[in-house]
Structures are given as C-alpha cells and as structure tokens.
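Single-letter residue listing:
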Amino acid sequence: TMPARSSVAGMRTRACILATEHLVELGHRHICHIDGGRGAGAAQRRAGYEHTMQRHGLDPVVVSGAFTEASGAAATERALASARPVTAIFAGNDLSALGALDVIEESGREVPRDISLVGYDNTFVSALRHVSLTTVEQGRERLGELAVETLIERVEGTRTEAVHLVVPPSLVARHTT
C-alpha cells in the first residue's frame, strides 16, 4: 500500500487528533496536553490537540513541558494542582507520559480509573506489561522500509525525481485509557 502523499506536519497534527478524539470518545471533557516545548513536532502536536478540543466545544489546557520524563512529571504535578480537575492527559511523547504516570500513581490516583493517559511515539517501553501505555504509532518500520525502497530506486535509476511519502499514524490503545 502506498502511503498518503502529505506533509509530515499534517500527519503529526492528524496523530494528535486521533489521540484527543480517543479521550473525548471515552467521555473525558477535562483533557490536559503536556506539550513538548520547542521539541521537533511539538507545535503540530499541540495544534492537533487544540483543534480537536475546540471542535468539541471543550477548553484546551496546555501545560508547558519538554520531551523528557522529568518534564512530564513536573507538568503533571502542575496539572493536578490546578483548580480545574483533570480527567485525562495527552503527553507530547511517551517519555513525558512515563513521568506523568509516576506522578499520577504517587498522588494516589489510578490510571485509567481516575485519569486516562496517552503518549506519542509507541516506544518499546510503552508496550511493557507494567506500563501498557496507550500511544500514537507513527509507523517507524514502514518509514524505514520506504526509505530503503526509495534509495534502491534512486541507485538503480528507476526513480530520478524526489518523492515525499508519509505513513499515516494510528492509535495503539492499551491499559492507560
């Protein structure tokens, strides 16, 4: 199957729409996004989240962070201390989601009973049984296959023009939602 020809930014935004829609479909209305600060793709991830929240008539709540476990923990502490009750968190990546998971559990809350949690990247850690993080998959394996196929086409001379291929994202639902 040939992937969609689209922008990387558009796919990042689409991935975050998937994640936020998942939380809305589960009945969440107070969804916080821990953003990735100046990290690559953070602006598109935030835009996808904000777009989905606004489309559902919900107020976006963005807590600044970075793509690190420590940042996810600090942002979650701020989100849990706010006057507005948080029922779900969409973290900018899986590392920040791991930091969020630690803080949620240390606060005496349970995931997903009290707070649902979604990450981004589908790193190997997210699939570990004791983590079982719901996350966004960007199709890294397929991207690698396409890169090799495109390189071979260029080397063999069957393709001379540049091509822009993007693999559509998917949501991997696990036990944190």
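Refer to the structure printed above.
What you are looking at is a predicted structure, and each value in this text was computed from that prediction instead of being measured.

### Considering the overall build of the chain
Alright, step 1. Looking only at helices and strands, one finds 5 helices and 6 strands in the chain.
Alright, step 2. Secondary structure elements of the chain, listed N to C terminal, follow the sequence α-β-α-β-α-β-α-β-β-α-β.
Alright, step 3. Here the chain has a C-alpha radius of gyration of 17 Å; the compact-globule value for 177 residues is 16 Å, and the two agree.
Alright, step 4. Oriented by its inertia axes, the alpha-carbon framework of the chain measures out at about 60 × 35 × 30 Å.

### Side note on unusual backbone geometry
Alright, step 1. The amide bond that connects Val 111 to the next residue, Pro 112, takes the cis arrangement and shows omega of 5 degrees.
Alright, step 2. Position of Pro 112 relative to the elements: it lies in the loop between helix H4 (94–106) and strand E4 (116–118).
Alright, step 3. You will see that Asn 122, though not glycine, has its phi angle at about 50 degrees, which is positive.
Alright, step 4. One can find Asn 122 in the loop between E4 and strand E5 (135–137).
Alright, step 5. Phi at Ser 132 is positive, roughly 45 degrees, even though this residue is not glycine.
Alright, step 6. Following the sequence through the fold, Ser 132 ends up in the loop between E4 and E5.

### Notes on the sheet that holds strand E1 (residues 31–34)
Alright, step 1. In spatial order, the strands read E2-E1-E3-E4; together these 4 strands make up an open sheet with parallel pairing. A single partner strand is all that each edge strand has here, and the edge strands are strand E2 (61–63) and E4. Each adjacent strand pair in this sheet contributes to an overall mean axis angle of 20 degrees, direction not counted.
Alright, step 2. Both E1 and E2 contribute to a ladder of 3 bridges, which runs parallel. Across the sheet, residue Cys 32 finds its bridge partner in E2, namely Val 61.

### Let's talk about the environment of Ser 82
Alright, step 1. As for its placement among the helices and strands, Ser 82 is situated in the loop between helix H3 (69–81) and strand E3 (88–91).
Alright, step 2. A polar side-chain atom of Ser 82 sits 2.9 Å from the main-chain carbonyl oxygen of Ala 79.
Alright, step 3. In this structure the side chain of Ser 82 is engaged in a polar contact, spanning 3.0 Å, whose partner is the backbone oxygen of Arg 84.

### A word on a negative patch on the surface
Alright, step 1. Judged by side-chain charge, Glu 69, Glu 77, Asp 102, Glu 105 and Glu 106 come together as a negatively charged surface patch.
Alright, step 2. The element that contributes the greatest number of residues to the negative patch is H4, accounting for 3 residues.
Alright, step 3. On the secondary structure map, Glu 105 appears in helix H4.

How each quantity is defined
- Residues numbered from 1 in each chain as written.
- Predicted model: local features only at pLDDT ≥ 70, side-chain atom pairs only at ≥ 80, totals over all residues.
- Heavy atoms only, no water.
- Helix = DSSP H or I, 4+ residues; strand = E, 2+ residues; numbered from the N terminus.
- Rg over C-alpha atoms; globule rule 2.2 N^0.38 Å.
- Pairing = 2+ DSSP bridges.
- Axes fitted to C-alpha atoms, helices over the stretch in contact; angles between N-to-C directions.
- Polar contact = N/O pair within 3.5 Å; in protein donor to acceptor, adjacent residues only side chain to side chain.
- Patch = residues over 30% accessible without salt bridge, like charges linked within 9 Å, V, L, I, M, F, W, Y side chains within 5 Å.
- Areas by Shrake-Rupley, 256 points an atom, 1.4 Å probe, with all protein chains shown as cover.
- Salt bridge = Lys/Arg side-chain N within 4 Å of Asp/Glu carboxyl O.
- Lys, Arg positive; Asp, Glu negative; His and termini not counted.
- Charge placed at Lys NZ, Arg CZ, Asp CG, Glu CD.

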